Amino acid sequence: QLQAYGGGLVQAGGSLRLSCAASESIINTNSIGWYRLTPGKERELVASVGSGVGANMRYYADSVKGRFAISRDSAKNTVNLQMSSLNPEDTAVYYCNVVAYGRPKYTWGQGTLVTVSS
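Asker: Explanation requested: the overall build of the protein chain in the structure shown.
Answerer: Counting secondary structure elements, the protein chain contains 1 helix and 11 strands. From first element to last, N terminus to C terminus, the protein chain shows the α and β order β-β-β-α-β-β-β-β-β-β-β-β. Its C-alpha atoms give the protein chain principal-axis dimensions of about 40 × 25 × 25 Å. A burial count over the protein chain gives 42% of its 118 residues as buried. When contacts within the protein chain are restricted to residue pairs at least 6 apart in sequence, those whose partners lie at least 24 apart make up 52%. Between the averaged position of the 11 positive side-chain charges in the protein chain and that of its 7 negative side-chain charges there is a distance of 4 Å.

Put into structure tokens, the structure is as follows:
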């Protein structure tokens, strides 16, 4: 239902922008979160953006605060994650999903791999 793309290989200190695409009704009427999964760790919510009256609300995990920025592009039906000052600890498969009552709502899609080289 939601497709994440834009991953790739980047050097430490570099930037990358991920995009999450879905239907207009999904993107524009739900809170959307970006998650990441690293081998040996639980899937982590790194950023989310609210919807409706909460559309200006943002959440960032402490590990990415000040480096990542989430935004919604209603015209393109995407939620983007701008990642800066990347470090090897940011290497993971990144996924997007609807956040409902604090939890991911849908079955996970394929995700997009971000690899940060040192």
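Asker: For this particular structure, what's the right way to read the state of the cysteines?
Answerer: Think of a disulfide as a covalent bridge from one cysteine sulfur atom to another cysteine sulfur atom. Applying the stated criterion across every chain, the model contains 1 disulfide. A sulfur-sulfur separation of 2.2 Å characterises the disulfide bridge that pairs cysteine 20 with cysteine 96. Because the sign of the S-S torsion sets the handedness, a value of about 80° for the bond joining cysteine 20 and cysteine 96 places this disulfide among the right-handed ones. Residue cysteine 20 is found in strand S3 (residues 16-21), and its partner cysteine 96 is found in strand S9 (residues 92-100); the two are separated by 76 residues along the sequence.

Asker: In this structure, what is going on with the environment of alanine 75? I would like to understand it.
Answerer: With respect to the helices and strands, the residue alanine 75 is situated in the loop between strand S7 (68-73) and strand S8 (78-83). Remark: the alpha-carbon pair of alanine 75 and valine 93, spanning 18 residues in sequence, is separated by 26 Å.

Asker: I tried to follow the sheet that holds strand S1 (residues 3-5) on my own but got confused; where do I start?
Answerer: Sheet strands line up and pair through hydrogen bonds in the backbone, either parallel or antiparallel. Taken in spatial order, the 4 strands of this open sheet run S1-S3-S8-S7, and their pairing is antiparallel. Of all the strands in the sheet, just S1 and S7 have a single pairing partner and so form its edges. Shown here is a sheet whose adjacent strand axes are inclined to one another by a mean of 20°, direction ignored. Relative to S8, S3 is paired through 6 bridges, and the arrangement is antiparallel. Residue leucine 16 lies in a different strand from S8, and its bridge partner there is methionine 83.

Rules used throughout
- Counting of residues starts from 1 at the beginning of each chain's written sequence and follows it residue by residue.
- Selection of residues for local features in this predicted model requires a pLDDT of at least 70, selection of side-chain atom pairs for listing and counting requires 80 or more, and totals for whole chains, interfaces and linings are taken over all residues.
- Excluded from the side-chain calculation are hydrogens and water; included are all heavy atoms of the structure.
- By the criteria applied, helices consist of DSSP H or I runs no shorter than four residues and strands consist of E runs no shorter than two, each listed in order from the N terminus.
- Accessibility here uses a 1.4 Å probe with only protein chains present; expressed as a share of the type maximum, an area under 20% marks a residue as buried, one over 50% as exposed, and anything in between as partly exposed.
- For this analysis, residues touch if any pair of their heavy atoms sits within 4.5 Å.
- In summary, the charge assignment counts Lys and Arg as positive and Asp and Glu as negative, without counting His or the chain termini.
- In plain terms, the charge of a residue is placed at NZ if it is Lys, CZ if Arg, CG if Asp and CD if Glu.
- What counts as a disulfide here is a pair of cysteine sulfur atoms lying within 2.5 Å.
- Any two strands with at least two DSSP bridges between them are considered paired.
- Simply put, an axis is a line fit to the C-alpha atoms, just over the touching stretch for a helix, and the angle between two N-to-C directions goes from 0 to 180 degrees.

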